[in-house]
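The lines below spell out each chain.
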Amino acid sequence: RFRDLRLIELALVQYVFAVPVLSILKLWALLALPDPDDAPEFLGPLKITAADFNQVAMLLSKLSSLVALQGLFAMYKASHDALSKWSTTMKFVAIKLVILLDMIQVPILGMVSSGREECDLQGEALVQFWAMFLLALESVLMAVLLGMAYPVQELMEASSENRGISVMDLQHAMVKAPHL
């Protein structure tokens, strides 16, 4: 079912393009669109502020992440049997855990950090500070999990003929799991 593999590929590739484009558009919005404090006549006919655009771009970025994660789950499910001897579950969990944590921690940090007056950082700057601090800690966690997921002996034992997976292996796995 080549069509299913193409859909999975599109789910992954859209993320590669969407996130950088949205980041560039957010920077443009910060430079080109007015602040909400500006006089209403400067907001233009659509009344879109940089903060409004940033919220929409953030929502689209999260949606893109969810679509990409769904594609990765489908790829994992389709290739699990073909790659079972390489313990793919730990590899999958190690990387996706940090992505998932990054997706949910910013909204949680926003709720927790609102109303704090004892810090010089306020609002979005405070949320981003704690998000980056937690990401540094989560990266250490991911490094430990990846160290367990990719044992050296597994790489040493791998011969040159079985280091990859072919499209035929994935198509065979899709035939065995048609519900994907």
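The coordinates are above.
Presented here is a report on the structure given in the accompanying data block. (Residues numbered from 1 in each chain as written. Predicted model: local features only at pLDDT ≥ 70, side-chain atom pairs only at ≥ 80, totals over all residues. Heavy atoms only, no water.)

**Quick look at the overall build of the protein**
Okay, so step 1: When its secondary structure is counted, the protein shows six helices and zero strands.
Okay, so step 2: The linear arrangement of helices and strands in the protein, starting from the amino end, is α-α-α-α-α-α.
Okay, so step 3: Split into buried and exposed, the 180 residues of the protein put 26% on the buried side.
Okay, so step 4: Contacts spanning at least 24 positions in sequence make up 70% of the contacts within the protein whose residues lie at least 6 apart.
Okay, so step 5: Carbon and sulfur atoms make up 70% of the accessible area of the protein, which amounts to about 12200 Å² in all. (Helix = DSSP H or I, 4+ residues; strand = E, 2+ residues; numbered from the N terminus. Buried < 20%, exposed > 50% of the residue type's maximum accessible area, 1.4 Å probe, protein only. Contact = heavy atoms within 4.5 Å. Areas by Shrake-Rupley, 256 points an atom, 1.4 Å probe, with all protein chains shown as cover.)

**Some remarks on a nonpolar patch on the surface**
Okay, so step 1: Together, L100, I104, I108, M111 and V112 make up an exposed nonpolar region whose accessible area comes to about 470 Å².
Okay, so step 2: Its place among the elements puts I108 in helix α3 (residues 88-113).
Okay, so step 3: With a relative accessible area of 42%, I108 lands in the partly exposed category. (Patch = residues over 30% accessible without salt bridge, like charges linked within 9 Å, V, L, I, M, F, W, Y side chains within 5 Å. Salt bridge = Lys/Arg side-chain N within 4 Å of Asp/Glu carboxyl O.)

**A short note on the pattern of salt bridges**
When their charged atoms lie close together, side chains carrying opposite charge are able to pair.
Okay, so step 1: This model, assessed by the stated rule, comprises two salt bridges.
Okay, so step 2: Note that D4 and R3 form a salt bridge whose closest N and O atoms lie 3.8 Å from each other.
Okay, so step 3: With a relative accessible area of 60%, R3 lands in the exposed category.
Okay, so step 4: With a closest N to O distance of 2.3 Å, E9 and R6 form a salt bridge. Placement of both E9 and R6 in helix α1 (residues 2-32) is noted, with a separation of three residues, approximately one turn of the helix.

**Here we look at the layout of surface pockets**
Okay, so step 1: One number sums up the size of the largest pocket: a volume of about 650 Å³.
Okay, so step 2: As for the largest pocket, its lining consists of 25 residues, and the residues nearest its centre are K26, M58, S61, K62 and D102.
Okay, so step 3: Secondary-structure elements contributing two or more residues to the lining of the largest pocket are α1, α2 (50-79), α3 and α4 (123-149).
Okay, so step 4: The biggest single contributor to the lining of the largest pocket is α2, with nine residues.
Okay, so step 5: Here the lining of the largest pocket is built from residues that sort into 16 nonpolar, five polar and four charged. (1 Å grid on protein atoms, 1.4 Å probe; cavity = no way out; pocket = protein on both sides within 12 Å on 5 of 7 lines; lining within 4 Å. Points joined across faces, edges and corners; volume = space filled by probe spheres on them. Nonpolar A, V, L, I, M, F, W, Y, C, P; charged D, E, K, R; others polar.)

**Here's the deal with the packing of α3 against α4**
Okay, so step 1: Between α3 and α4, whose axes approach to 9 Å, the crossing angle comes to 165°. Taken together, the axis directions place α3 and α4 in an arrangement best described as roughly antiparallel. With respect to the hand of their crossing, α3 and α4 are arranged in right-handed fashion.
Okay, so step 2: Across the contact of α3 with α4, the residue classes tally to 20 nonpolar, four polar and three charged. (Axes fitted to C-alpha atoms, helices over the stretch in contact; angles between N-to-C directions. Parallel < 35°, antiparallel > 145°, perpendicular 65-115°, else oblique. Left-handed = near helix turned anticlockwise from the far one by under 90°.)

**With respect to the side chain of Q105**
Okay, so step 1: As for its position among the elements, Q105 is in helix α3.
Okay, so step 2: At 3.3 Å, the side chain of Q105 and the backbone oxygen of A131 are in polar contact.
Okay, so step 3: If sequence neighbours within four positions are ignored, Q105 has contacts with A131, L134, L135 and E138. (Polar contact = N/O pair within 3.5 Å; in protein donor to acceptor, adjacent residues only side chain to side chain.)

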